[in-house]
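The primary structure of each chain is shown beneath.
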Amino acid sequence: MNKSASDTIAAIGTKPGEAAIGIIRLSGNKSVKLTEKIFRQKNRKKISQMKTFSMTYGYIVDKKEEMIDEVIITLMKKPKSYTKEDVVEINCHGGMAAADKILELCIKNGARIAEPGEFTKRAFLNGRIDLSQAEAVIDLIRSKTEQSLKVAANNIKGIVKDRIEELRKRILDVLVELEASIDFIEEDLEVTPYEVLEKNVIEIQKSIDELINDEKRGEIIKNGIKVAIVGKPNVGKSSLLNVLARKERAIVTHIPGTTRDAVEEILYIEGIPLIIADTAGIRKSKNIIEKIGVKKSFEYISKSELVILVMDGNTQIDDNDCEIVEELQGKNIIICLNKIDLKQITSKKEINKKFKLNDIIEISAKKNIGIDKLEKKIKTLVLGEEEFNIESKIIVNNRQKNILLDASGMLKHAIKAMKLKMSEEFPSSDLKLAYNLLGEITGQTTTNEILDGIFGKFCVGK
Amino acid sequence: MNFEDVTKIKYDVIVVGAGHAGCEAALACARLGFKTLILTINLDKVALMPCNPAIGGVGKTNLVLELDAMGGQMAKTADKTLIQLRVLNRSKGPAVQALRAQIDKKEYEIEMKKVMENTSNLTLRQGIVNKIIFEKGIIAGVSLESGIIFNGKAVIITTGTFLRGRIIIGNKDYEAGRMGEYPAMNLTYNLKELGFIMDRFQTATPPRVDKKTIDFLKMFIQPGENIPMSFSFWNSKKVYDNIPSYLTYTNEKTHNIIRENIDKSPIRSGMVKTHGPRHCPSIDRKVINFEHKKRHPVFVEPEGKYTNEMYLQGLTTSMPTDIQQLLVNSVAGLEDAKIIRPGYAVEYDFLLPNQLNHTLESKLLENLYFAGQINGTSGYEEAAAQGFVAGVNAALKLAGQHPLILKRSNSYIGVLIDDLITKELYEPYRMYTSRSEYRLLLRPDNADNRLTKIGFDIGLIKNSDYEKVIKKQQKIESLIEMLGEYTINPDEHNNEFLKAIGTSTIDTSTSIYKLLKRPEVKIDNIFKYFFENKGADNIKTYNDNYDKDILEQTEINIKYKGYIEREMLGIKRMGKIEGHKIRKNIDYFKIKGLTFEAQEKLSKYLPETLGQASRIAGVSPADISILMIFLK
Ligand SMILES: Nc1nc2c(ncn2[C@@H]2O[C@H](COP(=O)(O)OP(=O)(O)OP(=O)(O)O)[C@@H](O)[C@H]2O)c(=O)[nH]1
Ligand SMILES: [Mg+2]
């Protein structure tokens, strides 16, 4: 099928199961006429006669004039709509089934199902938003957590664009100096010393790397990380999950081997979504069911980004503990020394000495002791020491991050050339590439910025 | 021959104007065997340098050498008439180094005129053109103010600042092409009638003073180089007379004179309203715009061997003459200097160059070309380069051959023309190296390697010259190969040498190629040590086998390989959209998705390729994607 940008497109605007009402959104030349065909209301007023940004109540009917659902219609006329085209929104309250049916009717009457993000694409193509804003909207549609909603909202406001523009400006400032000393050598210009420029480039490169790191952390905040709670039987793994989840998620008994199949839960710790799994206690067992459970525990270990190893402070360290630690080589781990409300038979020091592991936290899952410390530890391990307030951070998307990585590489190359005292045109060549790369993020067009900069800054001319 | 007969001659090409553009255009056409007429208002002012008596400079050198590589005249005439030659940016890399030659102005004019007079197929003639003549809608020639008509199949307009020229000094102004010369009034009206859009620019020149009245002891001497050099690839190198220039500075007193009299400056009084070149501002403007600057440099340059006139580069002004005298006398060494000619500003009509194709033929009328300052450029070099391209293309078209379209990726001349026809022009256009995105490739030293083949294919480069270039290239390539294979041992001797030239020692046997990659290692040192002393069989006396140019380029190719390859990759990437032709007669306002700004700009510039479109200010990468989809 030939997908043209002039088709009228339709899509369900709410995700399945997310809301009680379903929204069907239409955009394009035929969206008004098409809606008139399937919409009825008492006063028989035409949608085309409605004012823009007004609503009307009525119902949707099928070919046989049978009512499908009661709806509210909102009309946004071009060009002041999201896509700069005529947009109609049909709010039905029959849930997904009704929404599906209405969408089907729209298609039968000449609309085409929108591709993912196509409304935004049209908004972009029709010049309503720039590239970084368009990407932010797509992120917004796809974001799962509340935090990532905030990030996406920031990007719509154009924060990414502002930040990239600022970085470009800083690169431009260096370029202006470098180029002035090449093209205007005959003049008596007071150009900034090379060493100072080198420092500036190092600073710019750092700023770009910060953005890249923030993206990585932002990614964690948006999509969460996988965590496994592991340990030998009866150390209190299920109890720990329950206290972290603040609900009775997993069964807790005094019988070792209670948990047989892993229990998964999504929970937030300090704003970080954790996809956390309580696993079967690991020990040598002959029981087939338990064996399968243990095998699964190992699978969880290998696919998690963070492992919480639980040990029982009320018992001796044994072979089981040792084997598990062995298994965790190269993983990100936190050790919880549990049951500190009871008599301590194994101490923090001992574990530290025996396994050479540092991140050990004493807790009681039963009495809710040390859990706040554990939560803090998880946060610093995942996001780093310093405060990471995502709302104040600029989080770029994946495409933007890749461009930033390239730009950072160019700047490193420039710094190397400057360290070697190579002449100005060499770092300049790297900087220009970095400058243009950043322009790709914001969709800038080319102009004579460098020469304008030189003439603005220096007294040039003979 | 009487007038009657003259009008019966059918020329192939008529060039209007004998400045730097006109001369190159006429010479190219005539040399390619086309019957060419060049008309000028004043035959005593052929190839005049009305501003500074110099050729070259950073960026401009590339233009001159590229022109030379393709068979242009400028570099050759410069070599013959220069009185001082200097290397600029010597401490920088080869891509941005440049030559600057002080020229004996009068000799240059005489020499260029002589060359033209002795070129077969070329006729020089004095006269003021007032109209372009058509026959059945096709260009048929030009008519003069005197009523005479000349027949020609193609016309190249290279009238510089003459169209509706107006000279301003202080509060006086009068119509003139240059100081003391007639303007061309009617031709500009004729062009407008034909549908061309003209705009107005302004430029200015400093006063000239009498050498006998200057105290050079108070100035800094600026000598030329004492090593054999030449501008042209085809001339042998030699050491020139080297008449020095001098450097002095303005001071607070100078600036105060300007401030006190600023209301008399034409830029303030409103006598001059149009844009002038930012790279060449008047001293008035410099003092106003850069208030904190305590001094501005003034270069005192000789205008020639046989004249006492000295050019005061840096003191451009069109203040009233008495103020100019005060200004000049406030500068160290110029206290008693007598002005011989005052500085002045000139305002003139130029053609908005977006009305031209890459061949410099107008989009509006076939076989009508424009080149030089009339296209809104400044500088003799920029003019000459365009003149050559227009001339060659006029000839190629008459011969029914493929046009000469230089690319951004092979020459600064390509950059110049592409910029002119796709970018907004706010001021007279001057070349800079920063205008090229392939600066490390488009070097002055390899202009012959880049372009001589083109000149040879057109027919403006002799076979023997072309072969020289090929041989040189082969030598460079084999030398690079040899240096990759020639390894040196990490013995005490060699390491001692490496230490001495300030680079780290080696502990395994290493190729010379590898050593040359180090920025601090110079090919000259290496060759002296390894090949001269030790007498390796094949290059015992390397000086005999490899002249300076070859060693230099070998070193560049090795040392900057990474950078050069990256630019080549850039060219390859751009190649796709560069070669993507845009069909004519597109209504950009009907393309959905383009921003309004892009629609407007594309309609204005009517780019020939997607590459060109991508360089138009206001057309974003997103617009280009949409255009690409539309063109599919
Ligand atoms: N006193 C005390 N008892 C605890 C603590 N944490 C867990 N327990 C008890 O230890 C027993 C085992 O707890 P679970 O949470 O089921 O242990 P588990 O590690 O999941 O055991 P399996 O699933 O069998 O591997 C239960 O009786 C808990 O009440 C603690 O901090 N203090
Ligand atoms: Mg359990």
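Here the residue numbering is sequential within each chain, running from 1 through the sequence in written order. Chain letters start at A and ligand numbers start at 1, both assigned in the order the entries are written. Only residues with pLDDT of at least 70 are given local features in this predicted model, and only at 80 or more are side-chain atom pairs given and counted; all residues enter the totals for whole chains, interfaces and linings. The side-chain figures draw on all heavy atoms in the structure; neither hydrogens nor water molecules are used.

Asker: Pulling in residues and values, what's your account of the interface of chain A and chain B?
Answerer: Contact with chain A, which involves 44 residues of that partner, is made by 50 residues of chain B. Values labelled buried area give the accessible surface lost by two parts on being combined, using a 1.4 Å probe and summing over both. Regarding the contact of chain A and chain B, the summed buried area is about 3,900 Å², with carbon and sulfur atoms giving 57% of it. A pair is scored as a salt bridge if a Lys or Arg side-chain nitrogen falls within 4 Å of a carboxyl oxygen belonging to Asp or Glu. At the junction of chain A and chain B, the tally comes to three salt bridges. The closest approach of N and O atoms between arginine 439 of chain B and glutamate 179 of chain A, which form a salt bridge, is 2.7 Å. Polar contact is the term for a pair of N or O atoms within 3.5 Å; when the atoms are in protein, one must be able to donate a hydrogen and the other to accept it, and sequence-neighboring residues count only if both atoms are side-chain atoms. Along the contact surface separating chain A from chain B lie ten residue pairs in polar contact (both at pLDDT 80 or more). Counting from the N terminus, the helices are the DSSP runs of H or I reaching at least four residues and the strands are the DSSP runs of E reaching at least two. Of all the elements in the fold, those that place two or more residues in the side of chain A that touches chain B are helix H3 (118-125), helix H6 (159-183), helix H13 (398-419), helix H14 (425-442) and helix H15 (449-457) of chain A. Whether two residues are in contact is decided by their heavy atoms, any of which lying within 4.5 Å being enough.

Asker: So what's going on with the coordination of the magnesium ion (ligand 2)? Which residues, and what values?
Answerer: All names here are of chain A. Note on donors: an N, O or S atom is included if it sits within 2.8 Å of the metal, or within 3.2 Å for Na, K and Ca, and water is never included, so sites can look incomplete. Surrounding the magnesium ion (ligand 2) are the protein donor atoms Ser238 (OG) and Thr259 (OG1), which sit 2.0 to 2.1 Å from the metal. Of this pair, serine 238 sits in helix H8 (residues 237-245) while threonine 259 sits in the loop between H8 and strand E9 (263-269), placing them 21 residues apart in sequence. Both residues of the pair, serine 238 and threonine 259, count as buried. Type-normalised accessible area, obtained with a 1.4 Å probe on protein chains alone, sets the label of each residue: buried when under 20%, exposed when over 50%, and partly exposed for intermediate values.

Asker: Explain the pattern of salt bridges to me, and be specific about the residues and the numbers.
Answerer: All names here are of chain A. One pass over the full model with this rule turns up 67 salt bridges over all chains. The closest approach of N and O atoms between aspartate 359 and lysine 377, which form a salt bridge, is 3.0 Å. Linking aspartate 359 in the loop between helix H11 (348-355) and strand E13 (360-362) with lysine 377 in helix H12 (residues 371-383), this pair joins segments that are 18 residues apart in sequence. Residue classification places aspartate 359 among the partly exposed positions, given a relative accessible area of 25%. By relative accessible area, lysine 377 is classed as partly exposed at 25%.

Asker: So what's going on with the confidence of the model for chain B? Residues and values would help.
Answerer: Every residue gets a pLDDT, meaning the predictor's confidence in that residue, from 0 to 100. With 97% of its residues at a pLDDT of 70 or more, chain B has an overall mean of 90. Taken together, the chains of this predicted complex give a pTM of 0.76 and an interface ipTM of 0.87.

Asker: Describe in detail the sheet that holds strand E13 (residues 208-210) of chain B, supporting the description with residues and values.
Answerer: All names here are of chain B. Paired strands are those between which DSSP finds at least two bridges. Taken in spatial order, the six strands make up an open sheet running E14-E15-E16-E17-E13-E18, and their pairing is antiparallel. Across the chains shown, the open sheet's two edge strands, defined by having one partner strand only, are strand E14 (220-222) and strand E18 (339-341). Direction aside, the axes of adjacent strands within the sheet are offset by 35 degrees on average. Note on definitions: angles span 0 to 180 degrees between N-to-C directions of axes, and those axes are lines fitted to C-alpha atoms, for helices only across the stretch in contact.

Asker: Which residues make up the packing of helix H2 (residues 20-31) of chain B against helix H5 (residues 105-117) of chain B, and what values go with them?
Answerer: All names here are of chain B. At a closest axis distance of 10 Å, the pairing of H2 and H5 adopts a crossing angle of 25 degrees. With respect to their mutual orientation, H2 and H5 come out roughly parallel. As for how H2 packs across H5, the hand of that crossing is left-handed. Side by side, H2 and H5 meet where His20, Cys23, Leu27 and Arg31 of the first sit next to Tyr108, Met112, Val115 and Met116 of the second. Classifying every residue of the contact of H2 with H5 gives six nonpolar, one polar and one charged. For this classification, under 35 degrees means roughly parallel, over 145 means roughly antiparallel, 65 to 115 means roughly perpendicular, and everything else is oblique. Two helices cross in a left-handed way if the nearer one is turned anticlockwise from the farther one by less than a right angle. They cross in a right-handed way if the turn is clockwise. The residue classification treats Ala, Val, Leu, Ile, Met, Phe, Trp, Tyr, Cys and Pro as nonpolar and Asp, Glu, Lys and Arg as charged. All others, Gly included, are polar.

Asker: Please provide a residue-by-residue account of the confidence of the model for chain A, values included.
Answerer: Residues at a pLDDT of 70 or more form 82% of chain A, whose mean pLDDT is 82. Segment residues 15-19 of chain A: pLDDT under 50, and five contacts once partners within four positions in sequence are set aside and those in other chains are kept.

Asker: For the packing of aromatic side chains, give the residues involved together with the corresponding values.
Answerer: Stacked, tilted and edge-to-face are the three classes applied to pairs of Phe, Tyr and Trp rings, where Trp contributes its six-membered ring and a pair requires centres within 6.5 Å; stacked means planes under 30 degrees apart, edge-to-face means over 60, and tilted covers the rest. Inspection of the entire model under this criterion finds eleven aromatic pairs over all chains. Between phenylalanine 497 of chain B and tyrosine 529 of chain B, the ring centres sit 3.9 Å apart and the planes meet at 5 degrees, which makes this aromatic pair stacked. In this pair, phenylalanine 497 of chain B is assigned in helix H15 (residues 492-500) and tyrosine 529 of chain B in helix H17 (residues 523-533), connecting sequence segments 32 residues apart. Residue class for tyrosine 529 of chain B comes out buried when judged on its relative accessible area of 13%. These aromatic residues form a ring-pair network of at least three members: Phe426 of chain A together with Tyr560 and Tyr563 of chain B. Just above the ring of tyrosine 249 of chain B sits the side chain of arginine 295 of chain B; from NZ or CZ to the centre is 3.5 Å. Its guanidinium or amino end placed over the ring of tyrosine 429 of chain B, arginine 435 of chain B lies 4.0 Å from that ring's centre, counting from NZ or CZ. A ring has a charge above it when a Lys NZ or an Arg CZ is no more than 6 Å from the ring centre and no more than 35 degrees off the ring normal.

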